[in-house]
Number of protein chains: 2
Amino acid sequence: MTARVDMAIPVQERLLAAASRLFAERGFAPTSVQDIVELAGVTKGAMYHYYSSKDDLLQQIYTRLLSVQQERLAEIAEGPLPVAERLREAAADVVVSTLENLDDAMVSFRSIHMLPPDRQAQVRADRRRYHERFRALIEEGQAAGVFRDDLAADLVTHQFFGGVHHLGSWYRVDGALTPQAIGGSFAELLLRSLQPI
Amino acid sequence: MTARVDMAIPVQERLLAAASRLFAERGFAPTSVQDIVELAGVTKGAMYHYYSSKDDLLQQIYTRLLSVQQERLAEIAEGPLPVAERLREAAADVVVSTLENLDDAMVSFRSIHMLPPDRQAQVRADRRRYHERFRALIEEGQAAGVFRDDLAADLVTHQFFGGVHHLGSWYRVDGALTPQAIGGSFAELLLRSLQPI
DNA sequence: GTCACGATACCGACTAGTAGGTATGTCGAC
DNA sequence: GTCGACATACCTACTAGTCGGTATCGTGAC
C-alpha cells in the first residue's frame, strides 16, 4: 500500500492530501489514522509528529480551503467592475475553486460537526464571514436597483451556496463539463434569478 | 436519560426517531447504538429485536423520507396545471417536505456513504429516479418554449437540489421564515432563472 | 374463569475487535 | 552529542453485535 507514493512531496503534505482524500471518500469518523498514514506511506509516529490529533488534520484541511476562497472573493468583490459583474465573477470563481479542491471542499462541507465544539465555532464564524461578504454583493446590487429586492439576499445566498456544496455529489472529473463551464452556468442562473421584474 | 420519553409511542418509532435525531446531529459513525437506545428509553435488546443492525436503522430513515417525497412529486408532476406551475409547486413542495422532516433529510443527504455498497447503490438509484422526474419537468418546459433552453436541465436540477440539501445547515425552526415562505422563494428563484431571455 | 403454553417483547452482561493516542527507540545531520 | 524526523510497540477506551434469560400477552382447552 505504500507503493505509489511520491516521496519527493514532504510528509506533511502527503499526510494532509491522504487525509483529505479519505475523509472525502468515506467520511471523517470511519477513516482511521492507520488508513491515512498507510496511504501517505508513513507511520503513525510521523503523523503525530506533525499533527496533534486527527481533529487537527481536519481543521488544517478546512483552513486551507477557506483561506484560498476568502482571498479570491475579497479580490473580486473589491474590484472596479459594476456590481453585477463582480457578483458573476465571484459566483463563477467559487464554483471553480471548489471543483479544483474538491476533496477539501467535500470534507469541509460534510464534516464540520466532527470537530470539538470550540473549533467548530471558529470554523462556523469563518464561513459566516465568507457568506456575509458574498451576500453584501447581492445587497449592494439590490440597493443600486440592478437586482430585484423582493427576495432576501440571505436566502438567495444560502440557495446558491447549497448548489456549490452539492457539487461534489455529482461532478465527475472525466465528465463533459469543465469547472469553468459549470461556474459560468451557475453564475448565469444566479444573475438571472436576481434580474429585476 | 430515559426521563422525557413518551412511552405511548411504539418502541420501533421511538428508536427510529432517536436515531434520526442523533445521526442528524452528530453523524452516523460517531453515534453509538447505546446513545440511540438511551434516548429512546430502551435497551440494546429492544433495538436488535426490531432492527437487524445499525445500518438497518439508517436505511429505514432513508426509505421513509424518499417514499414520501417521491409520492408527492409524482402527484404534482402528473397534475393538470401548466408545466411552469407544476414545476413551481414541485419545487416549493420538496422544500417544505424537507423542512418538515429535517432530521431524516439531513441524515439522508449526509450519510449515504455509510451504507454498505449494495444498499448504497439502491439508495442512489432511488434518488436518481427522483432527480430525473424533476428534471423531466424542466425539459418539458424547455421543449414547450416556456423555459430558456440554453442551460442544461441537469445542471439546473443539481443546483436547485443543492439548495434543498443545504437547508439543514441554516434553517432554524424558531426563525422568522416558515417552510412555506422558503419554499415559495426557492421556487420563485428557480422559475425566474428559467425564464426565457 | 383459569390454566397451560407458545410467542412476542424486551433486558443487560458479555465478547472480540478496533480506535486514537502515547512512550520509547533509532538514526542521520550538523 | 543532541536534535529533528520518523518507526515500533503498546495502552486504554469504546464499539457493534450476541446471547441467555425474563416478563407479558394471546389463545384455546376445560
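Keep in mind that this is a model prediction, so the values were computed, not measured. (Residues numbered from 1 in each chain as written. Chains lettered and ligands numbered in written order. Predicted model: local features only at pLDDT ≥ 70, side-chain atom pairs only at ≥ 80, totals over all residues. Heavy atoms only, no water.)

### Regarding the overall build of chain A
For step 1, the next point in the chain: Helix and strand content of chain A: nine helices and zero strands.
For step 2, the next point in the chain: Moving toward the C terminus, one meets the helices and strands of chain A in the order α-α-α-α-α-α-α-α-α.
For step 3, the next point in the chain: Along the first, second and third principal axes, the C-alpha atoms of chain A reach 60 × 40 × 30 Å.
For step 4, the next point in the chain: A buried classification covers 52% of the 197 residues belonging to chain A.
For step 5, the next point in the chain: Pairs at least 24 apart in sequence give 69% of the contacts found in chain A among residues at least 6 apart.
For step 6, the next point in the chain: With an accessible surface of roughly 9,200 Å², chain A has 52% of that area assigned to carbon and sulfur atoms.
For step 7, the next point in the chain: Separation of charge centres in chain A, based on 21 positive and 26 negative side chains, amounts to 5 Å. (Helix = DSSP H or I, 4+ residues; strand = E, 2+ residues; numbered from the N terminus. Buried < 20%, exposed > 50% of the residue type's maximum accessible area, 1.4 Å probe, protein only. Contact = heavy atoms within 4.5 Å. Areas by Shrake-Rupley, 256 points an atom, 1.4 Å probe, with all protein chains shown as cover. Lys, Arg positive; Asp, Glu negative; His and termini not counted. Charge placed at Lys NZ, Arg CZ, Asp CG, Glu CD.)

### What about the UniProt feature "DNA-binding region" (unreviewed entry) in chain A?
For step 1, the next point in the chain: As recorded in UniProt, the feature "DNA-binding region" (unreviewed entry) lies at residues 32–51 of chain A.
For step 2, the next point in the chain: Summarising residues 32–51 of chain A: 75% helix, 0% strand, and an end-to-end C-alpha distance of 15 Å. (UniProt positions renumbered as here; feature names shortened; annotations may be inferred.)

### A few points about the pattern of salt bridges
For step 1, the next point in the chain: Here the structure, examined in full by the defined rule, presents 28 salt bridges over all chains.
For step 2, the next point in the chain: With a shortest N-O distance of 3.4 Å, B:Glu25 and B:Arg21 are connected by a salt bridge. Of this pair, B:Glu25 and B:Arg21 both sit in helix H1 (residues 11–26), four residues apart, roughly one helical turn.
For step 3, the next point in the chain: Look at B:Glu25 and you get partly exposed, because its relative accessible area is 46%.
For step 4, the next point in the chain: One salt bridge in this structure joins B:Arg88 and B:Glu188, with 3.1 Å as the shortest N-O distance. Pair noted here: B:Arg88 is in helix H5 (residues 83–100) and B:Glu188 is in helix H9 (residues 179–194), with a separation of 100 residues, a long-range link.
For step 5, the next point in the chain: Note on B:Arg88: relative accessible area 27%, which makes it partly exposed.
For step 6, the next point in the chain: The network of salt bridges with shared partners includes A:Glu85, A:Arg88, A:Glu188, B:Arg148 and B:Asp150. (Salt bridge = Lys/Arg side-chain N within 4 Å of Asp/Glu carboxyl O.)

### Quick notes on the domain arrangement of chain A
Residue and element names in this part refer to chain A.
For step 1, the next point in the chain: Its domain assignment divides chain A into domain 1 (11–50) and domain 2 (54–193).
For step 2, the next point in the chain: Between domain 1 and domain 2 lies a buried interface of about 1,300 Å² when both sides are counted; carbon and sulfur atoms form 69% of it.
For step 3, the next point in the chain: Across the domain 1-domain 2 interface, the total number found is zero salt bridges.
For step 4, the next point in the chain: Contributions of two or more residues to the side of domain 1 that touches domain 2 are made by helix H1 (11–26), helix H2 (33–40) and helix H3 (44–50).
For step 5, the next point in the chain: Residue contributions to the side of domain 1 that touches domain 2 peak at eight residues, all from H1. (Domains from an automatic or database assignment. Buried area = accessible area lost by both parts, 1.4 Å probe.)

### A look at the interface of chain A and chain B
For step 1, the next point in the chain: Between chain A and chain B, the contact holds 32 residues from the first and 32 residues from the second.
For step 2, the next point in the chain: At the boundary of chain A with chain B, the tally comes to two salt bridges.
For step 3, the next point in the chain: Between A:Arg148 and B:Glu188 there is a salt bridge; the shortest N-O distance is 2.9 Å.
For step 4, the next point in the chain: Inspection of the chain A/chain B interface yields eight residue pairs in polar contact (both at pLDDT 80 or more).
For step 5, the next point in the chain: Take the side of chain A that touches chain B: its biggest share by element is nine residues, from helix H8 (residues 153–165) of chain A.
For step 6, the next point in the chain: In the side of chain A that touches chain B, the residues fall into 15 nonpolar, 11 polar and six charged. (Polar contact = N/O pair within 3.5 Å; in protein donor to acceptor, adjacent residues only side chain to side chain. Nonpolar A, V, L, I, M, F, W, Y, C, P; charged D, E, K, R; others polar.)

### Things to note about the protein's contact with DNA strand D
For step 1, the next point in the chain: A:Thr43, A:Tyr50, B:Lys44, B:Tyr48 and B:Lys54 are the nearest of the 14 residues found near DNA strand D.
For step 2, the next point in the chain: In this structure, a phosphate oxygen belonging to DNA strand D sits 3.3 Å away from a main-chain N or O atom of B:Thr31.
For step 3, the next point in the chain: Every element with two or more residues in the surface near DNA strand D is listed here: H3 of chain A together with helix H3 (44–50) of chain B.
For step 4, the next point in the chain: Of all the elements, H3(A) adds the most residues to the surface near DNA strand D, at four residues.
For step 5, the next point in the chain: Here the residues of the surface near DNA strand D are counted per class, giving six nonpolar, six polar and two charged. (Near = heavy atom within 4 Å.)

### Re the relation of the copies chain A and chain B
For step 1, the next point in the chain: When chain A is fitted onto chain B, the two copies agree to an RMSD of 0.1 Å after a turn of 180° and an axial shift of 0.0 Å. One copy is carried onto the other by what is essentially a two-fold rotation axis. (Least-squares fit on C-alpha atoms with pLDDT ≥ 70 in both.)

### Here's the deal with the UniProt feature "domain: HTH tetR-type" (unreviewed entry) in chain A
For step 1, the next point in the chain: The UniProt record marks residues 9–69 of chain A with the feature "domain: HTH tetR-type" (unreviewed entry), using the residue numbering of this structure.
For step 2, the next point in the chain: The straight-line gap between the two end C-alpha atoms of residues 9–69 of chain A is 24 Å; of that span, 77% is helix and 0% is strand.

### Focus: the protein's contact with DNA strand C
For step 1, the next point in the chain: The full set close to DNA strand C counts 14 residues, and A:Val33, A:Lys44, A:Tyr48, A:Lys54 and B:Tyr50 are the nearest of them.
For step 2, the next point in the chain: A:Lys44 places a polar side-chain atom, nitrogen or oxygen, 2.5 Å from a base oxygen of DNA strand C.
For step 3, the next point in the chain: B:Gly45 places a polar main-chain atom, nitrogen or oxygen, 3.3 Å from a base oxygen of DNA strand C.
For step 4, the next point in the chain: Residue assignment for the surface near DNA strand C shows that the elements contributing at least two residues are H3 of chain A together with H3 of chain B.
For step 5, the next point in the chain: When residues of the surface near DNA strand C are assigned to their parent elements, the largest contribution, four residues, is made by H3(B).

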